[in-house]
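Listed here are the chains, written in short residue letters.
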Amino acid sequence: MRIETLAVHAGHHPDPATGAVSPPIHLSTTFAREADGTLPHGFLYARSDNPTRRELERSLAALEGGATALAFASGMAATAAVFQSLLPGDHVIAPRDAYYGTAKLLREVMAGWGLGSTLVDMTDPAAVAAAVAPQTRLIWIETPSNPTLAVTDVARISAIARAAGAYCVCDNTWATPVLQRPLALGCDLVMHSTTKYLGGHSDLTGGALVAPAESDWTARLRTLQALGGAVPSAFDCWLLMRGIRSLPWRMRGHCENAAAVAGFLAGHSAIEAVHYPGLAGDPGHAVAARQMAGFGGMVSVQVKGGAEAALGVVRRVRLFTRATSLGGTESLIEHRASVEGPESRTPPGLLRLSIGLEHAEDLVEDLDQALRGVATRR
Ligand SMILES: Cc1ncc(COP(=O)(O)O)c(C=O)c1O
(Lines give C-alpha, C1' and ligand atoms only; values in the text may rest on other atoms or scores of the structure.)
Protein backbone atom coordinates (compact mmCIF):
# COMPACT_ATOMS: atom_id res chain seq x y z
CA MET A 1 0.00 0.00 0.00
CA ARG A 2 1.07 3.58 -0.65
CA ILE A 3 1.91 5.89 2.24
CA GLU A 4 -1.37 7.88 2.01
CA THR A 5 -3.30 4.64 2.52
CA LEU A 6 -0.98 3.37 5.25
CA ALA A 7 -1.28 6.67 7.10
CA VAL A 8 -5.07 6.38 7.15
CA HIS A 9 -5.40 2.65 7.79
CA ALA A 10 -2.25 1.12 9.36
CA GLY A 11 -2.93 0.08 12.94
CA HIS A 12 -6.55 1.22 12.70
CA HIS A 13 -9.68 -0.86 12.74
CA PRO A 14 -13.14 -0.17 14.15
CA ASP A 15 -13.15 -0.94 17.88
CA PRO A 16 -14.35 -4.57 18.21
CA ALA A 17 -16.23 -3.76 21.45
CA THR A 18 -18.29 -0.83 20.11
CA GLY A 19 -17.68 -0.35 16.39
CA ALA A 20 -16.21 3.10 17.10
CA VAL A 21 -14.31 4.22 14.01
CA SER A 22 -12.05 6.60 15.92
CA PRO A 23 -10.03 4.48 18.36
CA PRO A 24 -10.87 4.63 22.06
CA ILE A 25 -8.32 6.17 24.45
CA HIS A 26 -7.46 3.50 27.02
CA LEU A 27 -6.64 5.36 30.23
CA SER A 28 -6.43 2.28 32.43
CA THR A 29 -3.01 1.82 34.04
CA THR A 30 -3.69 -1.79 35.00
CA PHE A 31 -5.37 -4.83 33.41
CA ALA A 32 -7.42 -7.61 35.02
CA ARG A 33 -6.22 -11.19 35.33
CA GLU A 34 -8.37 -14.30 34.95
CA ALA A 35 -8.95 -16.49 38.03
CA ASP A 36 -6.05 -18.69 36.90
CA GLY A 37 -3.71 -15.66 36.87
CA THR A 38 -3.44 -15.30 33.10
CA LEU A 39 -3.80 -11.97 31.27
CA PRO A 40 -6.40 -12.65 28.57
CA HIS A 41 -5.49 -9.66 26.40
CA GLY A 42 -1.73 -9.69 27.03
CA PHE A 43 -1.67 -6.33 28.83
CA LEU A 44 -0.35 -6.11 32.40
CA TYR A 45 0.51 -2.49 33.26
CA ALA A 46 0.35 0.65 31.11
CA ARG A 47 4.04 1.59 31.35
CA SER A 48 5.06 -1.74 29.75
CA ASP A 49 2.35 -1.82 27.10
CA ASN A 50 -1.21 -0.63 26.61
CA PRO A 51 -3.79 -0.87 23.82
CA THR A 52 -3.59 2.77 22.66
CA ARG A 53 0.20 2.77 22.46
CA ARG A 54 0.24 -0.62 20.76
CA GLU A 55 -2.08 0.66 18.03
CA LEU A 56 0.16 3.71 17.53
CA GLU A 57 3.30 1.54 17.39
CA ARG A 58 1.73 -0.62 14.65
CA SER A 59 0.98 2.48 12.64
CA LEU A 60 4.53 3.88 13.10
CA ALA A 61 6.12 0.58 12.02
CA ALA A 62 3.99 0.44 8.86
CA LEU A 63 4.76 4.06 7.92
CA GLU A 64 8.53 3.49 8.05
CA GLY A 65 8.33 0.08 6.34
CA GLY A 66 9.56 -1.52 9.58
CA ALA A 67 8.44 -4.56 11.55
CA THR A 68 8.35 -3.09 15.02
CA ALA A 69 8.12 0.34 16.67
CA LEU A 70 8.48 1.79 20.15
CA ALA A 71 6.77 4.99 21.24
CA PHE A 72 8.40 7.34 23.77
CA ALA A 73 7.42 10.47 25.67
CA SER A 74 9.68 12.67 23.49
CA GLY A 75 12.26 12.52 20.74
CA MET A 76 15.00 12.94 23.35
CA ALA A 77 13.63 10.00 25.38
CA ALA A 78 13.85 7.83 22.25
CA THR A 79 17.40 9.09 21.55
CA ALA A 80 18.47 8.48 25.16
CA ALA A 81 17.16 4.89 24.99
CA VAL A 82 19.28 4.25 21.89
CA PHE A 83 22.46 5.52 23.58
CA GLN A 84 21.63 3.66 26.81
CA SER A 85 21.27 0.43 24.84
CA LEU A 86 25.07 0.60 24.32
CA LEU A 87 27.65 -0.17 26.99
CA PRO A 88 30.24 1.97 28.76
CA GLY A 89 33.39 1.87 26.61
CA ASP A 90 31.41 1.81 23.36
CA HIS A 91 31.83 4.61 20.84
CA VAL A 92 29.33 6.60 18.76
CA ILE A 93 29.91 8.70 15.64
CA ALA A 94 27.41 11.55 15.24
CA PRO A 95 27.06 14.60 12.97
CA ARG A 96 28.80 17.81 13.98
CA ASP A 97 25.58 19.67 13.19
CA ALA A 98 23.16 17.23 14.85
CA TYR A 99 20.18 18.65 16.74
CA TYR A 100 21.92 20.43 19.63
CA GLY A 101 20.05 18.31 22.21
CA THR A 102 21.49 15.11 20.72
CA ALA A 103 25.05 16.46 20.84
CA LYS A 104 24.49 17.82 24.37
CA LEU A 105 23.17 14.45 25.56
CA LEU A 106 26.30 12.71 24.25
CA ARG A 107 28.58 15.35 25.75
CA GLU A 108 26.97 16.07 29.10
CA VAL A 109 25.25 12.80 30.03
CA MET A 110 26.49 9.82 28.05
CA ALA A 111 30.18 10.76 28.28
CA GLY A 112 29.99 10.53 32.08
CA TRP A 113 28.40 7.13 31.66
CA GLY A 114 31.44 5.98 29.65
CA LEU A 115 30.05 6.26 26.13
CA GLY A 116 32.64 7.83 23.83
CA SER A 117 31.59 9.94 20.86
CA THR A 118 33.15 11.71 17.89
CA LEU A 119 31.31 14.43 16.00
CA VAL A 120 32.14 14.55 12.29
CA ASP A 121 31.01 16.16 9.05
CA MET A 122 28.46 13.45 8.19
CA THR A 123 28.18 14.75 4.62
CA ASP A 124 31.78 13.54 4.07
CA PRO A 125 31.84 9.70 3.99
CA ALA A 126 35.67 9.70 4.14
CA ALA A 127 35.57 11.67 7.41
CA VAL A 128 33.04 9.19 8.82
CA ALA A 129 35.16 6.17 7.79
CA ALA A 130 38.24 7.82 9.33
CA ALA A 131 36.42 8.27 12.66
CA VAL A 132 35.59 4.56 12.98
CA ALA A 133 37.41 3.01 15.96
CA PRO A 134 37.47 -0.60 17.19
CA GLN A 135 34.90 0.40 19.87
CA THR A 136 32.50 2.07 17.40
CA ARG A 137 29.07 0.50 17.88
CA LEU A 138 26.79 3.09 16.35
CA ILE A 139 26.71 5.79 13.67
CA TRP A 140 24.00 8.40 14.15
CA ILE A 141 22.68 10.22 11.06
CA GLU A 142 20.38 13.23 10.99
CA THR A 143 19.31 14.30 7.52
CA PRO A 144 18.39 16.98 6.63
CA SER A 145 20.11 18.28 9.75
CA ASN A 146 18.85 20.79 12.28
CA PRO A 147 19.35 23.71 11.67
CA THR A 148 21.66 23.86 8.61
CA LEU A 149 19.80 21.28 6.46
CA ALA A 150 23.02 19.40 5.67
CA VAL A 151 22.19 16.26 3.67
CA THR A 152 23.82 12.93 4.50
CA ASP A 153 24.03 10.07 2.00
CA VAL A 154 22.13 7.50 4.07
CA ALA A 155 23.03 4.45 1.93
CA ARG A 156 26.76 5.29 1.97
CA ILE A 157 26.94 5.90 5.71
CA SER A 158 24.86 2.75 6.39
CA ALA A 159 27.42 0.77 4.35
CA ILE A 160 30.29 2.24 6.41
CA ALA A 161 28.47 1.26 9.61
CA ARG A 162 27.81 -2.27 8.33
CA ALA A 163 31.47 -2.74 7.37
CA ALA A 164 32.47 -1.56 10.87
CA GLY A 165 30.01 -3.92 12.58
CA ALA A 166 28.15 -0.90 13.98
CA TYR A 167 24.47 0.02 14.00
CA CYS A 168 23.31 2.86 11.78
CA VAL A 169 20.48 4.99 13.21
CA CYS A 170 18.77 7.81 11.32
CA ASP A 171 16.94 10.71 12.94
CA ASN A 172 14.23 11.06 10.29
CA THR A 173 12.32 13.84 12.07
CA TRP A 174 12.73 16.52 9.41
CA ALA A 175 12.12 14.32 6.38
CA THR A 176 9.34 12.10 7.81
CA PRO A 177 8.63 8.64 6.31
CA VAL A 178 6.67 10.40 3.56
CA LEU A 179 9.86 11.87 2.07
CA GLN A 180 12.59 9.46 3.20
CA ARG A 181 12.70 5.76 4.19
CA PRO A 182 16.03 5.14 5.98
CA LEU A 183 15.37 1.43 6.61
CA ALA A 184 15.14 0.85 2.85
CA LEU A 185 18.47 2.71 2.51
CA GLY A 186 20.22 0.31 4.91
CA CYS A 187 19.67 1.79 8.39
CA ASP A 188 19.09 -0.48 11.39
CA LEU A 189 16.81 1.92 13.23
CA VAL A 190 14.85 5.12 12.60
CA MET A 191 14.28 7.70 15.30
CA HIS A 192 11.59 10.40 15.26
CA SER A 193 10.66 13.36 17.34
CA THR A 194 6.94 12.81 16.73
CA THR A 195 6.42 16.21 18.39
CA LYS A 196 7.10 17.66 14.93
CA TYR A 197 5.53 16.65 11.58
CA LEU A 198 4.04 13.31 12.66
CA GLY A 199 1.95 14.99 15.35
CA GLY A 200 1.73 17.99 13.04
CA HIS A 201 -0.28 20.41 15.18
CA SER A 202 2.15 21.61 17.89
CA ASP A 203 0.06 19.97 20.59
CA LEU A 204 1.89 16.81 21.68
CA THR A 205 5.37 15.71 22.72
CA GLY A 206 6.55 12.31 21.55
CA GLY A 207 9.30 10.15 20.15
CA ALA A 208 9.57 6.88 18.28
CA LEU A 209 12.01 4.19 17.22
CA VAL A 210 11.28 1.87 14.28
CA ALA A 211 13.29 -1.25 13.38
CA PRO A 212 13.15 -3.56 10.36
CA ALA A 213 12.88 -6.70 12.53
CA GLU A 214 12.60 -7.86 16.13
CA SER A 215 16.08 -8.59 17.53
CA ASP A 216 18.00 -8.77 20.80
CA TRP A 217 18.62 -5.06 20.31
CA THR A 218 14.93 -4.15 19.96
CA ALA A 219 14.21 -6.33 23.02
CA ARG A 220 16.80 -4.27 24.96
CA LEU A 221 15.26 -1.04 23.65
CA ARG A 222 11.83 -2.26 24.78
CA THR A 223 13.26 -2.98 28.24
CA LEU A 224 14.67 0.56 28.33
CA GLN A 225 11.28 1.92 27.20
CA ALA A 226 9.47 0.11 30.03
CA LEU A 227 12.07 0.55 32.80
CA GLY A 228 13.21 4.04 31.81
CA GLY A 229 9.51 4.83 31.89
CA ALA A 230 9.62 7.75 29.42
CA VAL A 231 6.44 6.57 27.70
CA PRO A 232 3.72 8.69 26.09
CA SER A 233 0.31 9.14 27.70
CA ALA A 234 -2.65 7.42 26.06
CA PHE A 235 -4.00 10.82 25.05
CA ASP A 236 -0.73 11.79 23.33
CA CYS A 237 -0.74 8.40 21.53
CA TRP A 238 -4.25 9.13 20.30
CA LEU A 239 -3.39 12.68 19.19
CA LEU A 240 -0.38 11.31 17.32
CA MET A 241 -2.49 8.69 15.54
CA ARG A 242 -4.85 11.44 14.48
CA GLY A 243 -1.97 13.55 13.20
CA ILE A 244 -0.46 10.67 11.24
CA ARG A 245 -3.62 10.18 9.19
CA SER A 246 -3.11 13.48 7.36
CA LEU A 247 0.71 13.41 7.34
CA PRO A 248 1.26 12.65 3.61
CA TRP A 249 -1.11 15.42 2.54
CA ARG A 250 0.31 17.91 5.02
CA MET A 251 3.84 17.12 3.79
CA ARG A 252 2.82 18.02 0.22
CA GLY A 253 1.69 21.43 1.44
CA HIS A 254 4.81 21.96 3.60
CA CYS A 255 7.10 21.02 0.66
CA GLU A 256 5.25 23.20 -1.84
CA ASN A 257 5.24 26.23 0.46
CA ALA A 258 8.87 25.76 1.52
CA ALA A 259 9.99 25.59 -2.12
CA ALA A 260 8.19 28.88 -2.82
CA VAL A 261 9.68 30.59 0.26
CA ALA A 262 13.20 29.24 -0.43
CA GLY A 263 12.99 30.41 -4.05
CA PHE A 264 11.94 33.90 -2.95
CA LEU A 265 14.67 34.15 -0.30
CA ALA A 266 17.37 32.85 -2.67
CA GLY A 267 16.84 35.91 -4.85
CA HIS A 268 16.64 38.48 -2.03
CA SER A 269 19.38 41.08 -1.64
CA ALA A 270 19.26 40.97 2.21
CA ILE A 271 19.97 37.22 2.30
CA GLU A 272 23.51 35.86 2.40
CA ALA A 273 22.65 32.15 2.08
CA VAL A 274 19.60 29.91 1.90
CA HIS A 275 19.86 26.37 3.21
CA TYR A 276 17.24 24.27 1.43
CA PRO A 277 18.08 21.00 -0.37
CA GLY A 278 15.40 21.67 -2.96
CA LEU A 279 17.44 24.53 -4.45
CA ALA A 280 19.53 23.32 -7.39
CA GLY A 281 22.62 25.12 -6.03
CA ASP A 282 22.37 23.63 -2.51
CA PRO A 283 25.36 21.38 -1.66
CA GLY A 284 22.95 18.61 -0.58
CA HIS A 285 20.68 18.83 -3.63
CA ALA A 286 21.99 15.83 -5.62
CA VAL A 287 21.96 13.42 -2.67
CA ALA A 288 18.58 14.70 -1.46
CA ALA A 289 17.08 14.32 -4.95
CA ARG A 290 18.27 10.70 -4.95
CA GLN A 291 17.10 9.64 -1.49
CA MET A 292 14.11 11.89 -0.78
CA ALA A 293 10.68 12.06 -2.39
CA GLY A 294 10.46 15.80 -1.62
CA PHE A 295 12.68 18.39 0.06
CA GLY A 296 10.69 19.09 3.21
CA GLY A 297 9.16 22.05 4.98
CA MET A 298 12.20 23.50 6.76
CA VAL A 299 14.24 26.41 5.39
CA SER A 300 17.17 28.15 7.09
CA VAL A 301 18.56 31.51 5.94
CA GLN A 302 21.55 33.60 6.85
CA VAL A 303 20.64 37.27 6.94
CA LYS A 304 23.27 39.80 5.82
CA GLY A 305 24.45 41.76 8.86
CA GLY A 306 24.65 38.83 11.30
CA ALA A 307 22.76 38.36 14.56
CA GLU A 308 21.51 41.94 14.89
CA ALA A 309 20.00 42.02 11.40
CA ALA A 310 18.51 38.54 11.84
CA LEU A 311 16.91 39.49 15.15
CA GLY A 312 15.45 42.57 13.46
CA VAL A 313 13.70 40.34 10.92
CA VAL A 314 12.33 38.20 13.75
CA ARG A 315 10.99 41.35 15.45
CA ARG A 316 9.25 42.58 12.26
CA VAL A 317 7.40 39.43 11.09
CA ARG A 318 3.63 39.63 11.44
CA LEU A 319 2.36 36.26 10.20
CA PHE A 320 5.22 33.98 11.25
CA THR A 321 5.07 33.13 14.94
CA ARG A 322 8.26 33.72 16.94
CA ALA A 323 8.63 30.28 18.54
CA THR A 324 10.86 27.23 18.68
CA SER A 325 9.95 23.75 17.35
CA LEU A 326 8.66 22.88 13.89
CA GLY A 327 6.32 20.73 11.85
CA GLY A 328 2.98 22.31 12.83
CA THR A 329 0.39 23.90 10.57
CA GLU A 330 1.53 27.43 11.52
CA SER A 331 4.79 28.95 10.25
CA LEU A 332 7.45 29.59 12.90
CA ILE A 333 10.62 31.66 12.88
CA GLU A 334 13.55 31.37 15.26
CA HIS A 335 17.02 32.81 15.74
CA ARG A 336 18.73 29.49 16.42
CA ALA A 337 21.96 30.70 18.03
CA SER A 338 19.96 32.51 20.76
CA VAL A 339 18.16 29.27 21.65
CA GLU A 340 21.23 27.05 21.51
CA GLY A 341 23.26 29.30 23.83
CA PRO A 342 27.00 29.91 24.14
CA GLU A 343 28.03 26.44 22.80
CA SER A 344 26.09 27.01 19.58
CA ARG A 345 27.95 26.29 16.33
CA THR A 346 25.12 27.85 14.31
CA PRO A 347 26.03 30.95 12.23
CA PRO A 348 24.92 34.09 14.17
CA GLY A 349 22.79 35.42 11.31
CA LEU A 350 20.86 32.17 10.82
CA LEU A 351 17.08 32.10 11.07
CA ARG A 352 15.27 28.77 11.02
CA LEU A 353 11.85 28.77 9.39
CA SER A 354 9.29 26.04 9.85
CA ILE A 355 7.06 26.59 6.85
CA GLY A 356 3.44 25.91 7.67
CA LEU A 357 0.29 25.38 5.67
CA GLU A 358 -0.78 28.99 5.15
CA HIS A 359 -0.88 30.32 1.56
CA ALA A 360 2.70 30.58 0.23
CA GLU A 361 2.16 34.13 -1.06
CA ASP A 362 1.11 35.35 2.39
CA LEU A 363 4.30 33.88 3.84
CA VAL A 364 6.46 35.45 1.13
CA GLU A 365 4.77 38.85 1.63
CA ASP A 366 5.39 38.69 5.37
CA LEU A 367 9.09 37.86 4.91
CA ASP A 368 9.38 40.51 2.21
CA GLN A 369 8.14 43.27 4.53
CA ALA A 370 10.25 41.98 7.44
CA LEU A 371 13.40 41.90 5.26
CA ARG A 372 12.78 45.41 3.92
CA GLY A 373 14.24 46.78 7.16
CA VAL A 374 17.51 44.95 6.52
CA ALA A 375 17.77 46.17 2.94
CA THR A 376 17.05 49.85 3.75
CA ARG A 377 19.48 50.00 6.69
CA ARG A 378 22.36 48.67 4.59
C1 LIG B 1 15.97 16.63 14.43
C2 LIG B 1 15.48 16.57 15.84
N3 LIG B 1 15.72 15.47 16.58
C4 LIG B 1 15.31 15.39 17.87
C5 LIG B 1 14.62 16.41 18.47
C6 LIG B 1 14.18 16.28 19.92
O7 LIG B 1 12.83 15.95 19.99
P8 LIG B 1 11.87 16.29 21.25
O9 LIG B 1 11.85 17.77 21.40
O10 LIG B 1 10.58 15.68 20.88
O11 LIG B 1 12.50 15.63 22.45
C12 LIG B 1 14.34 17.56 17.74
C13 LIG B 1 13.64 18.69 18.37
O14 LIG B 1 13.63 19.79 17.85
C15 LIG B 1 14.77 17.64 16.38
O16 LIG B 1 14.53 18.73 15.63
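Description of the structure in this document. (Residues numbered from 1 in each chain as written. Predicted model: local features only at pLDDT ≥ 70, side-chain atom pairs only at ≥ 80, totals over all residues. Heavy atoms only, no water.)

## Remarks on the overall build of the chain
Spelled out, the test is: Helix and strand assignments come from DSSP, with helices taken as H or I runs of at least 4 residues and strands as E runs of at least 2, each series counted from the N terminus. Values of the radius of gyration come from C-alpha atoms, whereas the globule rule sets the reference at 2.2 Å times the count of residues to the power 0.38. Summary of the burial criterion: residues with accessible area below 20% of their type's maximum are buried, those above 50% are exposed, and those between are partly exposed, where the area comes from a 1.4 Å probe applied to protein chains only. Residue contacts are defined here by distance: any two heavy atoms, one from each residue, within 4.5 Å place the two residues in contact. We get accessible surface area from the Shrake-Rupley algorithm with a probe of 1.4 Å; when it comes to residues, only the shown protein chains can shield them. Charge counting follows a simple rule: Lys and Arg are positive, Asp and Glu are negative, and His as well as the terminal groups are ignored. We put the charge of a Lys on NZ, of an Arg on CZ, of an Asp on CG and of a Glu on CD.
The secondary structure content of the chain amounts to 14 helices and 12 strands. Here the C-alpha atoms of the chain give a radius of gyration of 21 Å, agreeing with the 21 Å that 2.2 N^0.38 yields for 378 residues. Its C-alpha atoms give the chain principal-axis dimensions of roughly 80 × 50 × 35 Å. Scored against the burial criterion, the 378 residues of the chain give a buried share of 53%. For the chain, the proportion of contacts with a sequence separation of at least 24, taken over those separated by at least 6, is 71%. Approximately 15,600 Å² of the chain is accessible, and the part contributed by carbon and sulfur atoms is 55%. Charged side chains in the chain number 32 positive and 35 negative. The centres of these two groups are separated by 2 Å.

## Some points on the sheet that holds strand β8 (residues 271-275)
Rule in force here: Here, strands pair whenever DSSP counts at least two bridges between them. Convention adopted: a line fitted to C-alpha atoms gives each axis, helices being fitted over their contacting stretch, and angles between N-to-C directions are expressed from 0 to 180 degrees.
Across the sheet, five strands lie side by side as β8-β9-β12-β11-β10; this open sheet has mixed pairing. Among the strands making up the open sheet, the edge pair consists of β8 and β10 (321-322). Note that β10 and strand β11 (residues 332-335) share two bridges and pair parallel. If you follow arginine 322 over to β11, its bridge partner there is isoleucine 333. Running at roughly 155 degrees to β11, helix α12 (residues 306-316) makes contact with β9 (298-303), β10, β11 and β12 (350-354) of the sheet.

## Focus on the side chain of histidine 254
Tracing the sequence through the fold places histidine 254 in helix α10 (residues 247-266). Sequence-distant contacts of histidine 254, defined by excluding residues within four places in its chain, comprise Tyr197, Gly296, Gly297, Gly327, Gly328, Ile355, Gly356 and Leu357.

## What to know about the site of the ligand
As a reminder of what qualifies: Put simply, a residue is near a molecule or strand once any heavy atom of it comes within 4 Å of that molecule or strand. For the purposes of these results, a polar contact is taken to be a pair of N or O atoms within 3.5 Å, where, inside protein, one atom must be able to donate a hydrogen and its partner to accept one; residues adjacent in sequence count only when each atom of the pair is a side-chain atom.
In the vicinity of the ligand lie 13 residues, with Gly75, Met76, Asp171, Ser193 and Thr195 positioned nearest. At 2.8 Å, a side-chain N or O of serine 193 approaches an oxygen atom of the ligand. At 2.7 Å from an oxygen atom of the ligand is found a side-chain nitrogen or oxygen belonging to threonine 195. Starting from 390 Å² of accessible surface for the ligand in isolation, the protein chains cover 91%.

## Some details on α10
The condition is simple: Here a helix's expected span is defined as the number of its residues, less one, multiplied by 1.5 Å.
With 20 residues, α10 should reach 28 Å at 1.5 Å per residue; the first-to-last C-alpha distance of 27 Å fits that figure. Along α10, the residues classified as buried are Leu247, Pro248, Arg250, Met251, His254, Cys255, Asn257, Ala258, Val261, Ala262, Phe264 and Leu265.

## Things to note about the pairing of β11
Residues of β11 alternate between two faces, with Leu332 and Glu334 on one and Ile333 and His335 on the opposite face, all of them buried. Both β11 and β12 contribute to a ladder of four bridges, which runs antiparallel. When the sheet's bridge partners are listed, leucine 332 is paired in β12 with serine 354.

## Observations concerning the packing of helix α3 (residues 75-84) against helix α4 (residues 100-110)
Quick reminder of the rule: For classification purposes, angles smaller than 35 degrees are called roughly parallel, those larger than 145 roughly antiparallel, those between 65 and 115 roughly perpendicular, and all remaining angles oblique. Each crossing gets its handedness from the near helix: less than a right angle anticlockwise from the far helix is left-handed, clockwise is right-handed. Residue polarity follows a fixed list, in which Ala, Val, Leu, Ile, Met, Phe, Trp, Tyr, Cys and Pro are nonpolar, Asp, Glu, Lys and Arg are charged, and the others, Gly among them, are polar.
Contact geometry for α3 and α4: axes closest at 11 Å, N-to-C directions at 45 degrees. Classified by the interaxial angle, the pair formed by α3 and α4 is oblique. The chirality of how α3 crosses α4 is right-handed. Here α3 contributes Met76, Thr79, Ala80, Phe83 and Gln84 to the contact with α4, which in turn contributes Gly101, Thr102, Leu105, Leu106 and Met110. Here the contact of α3 with α4 is built from residues that sort into six nonpolar, four polar and no charged.

Just distances and angles here, no functional claims.
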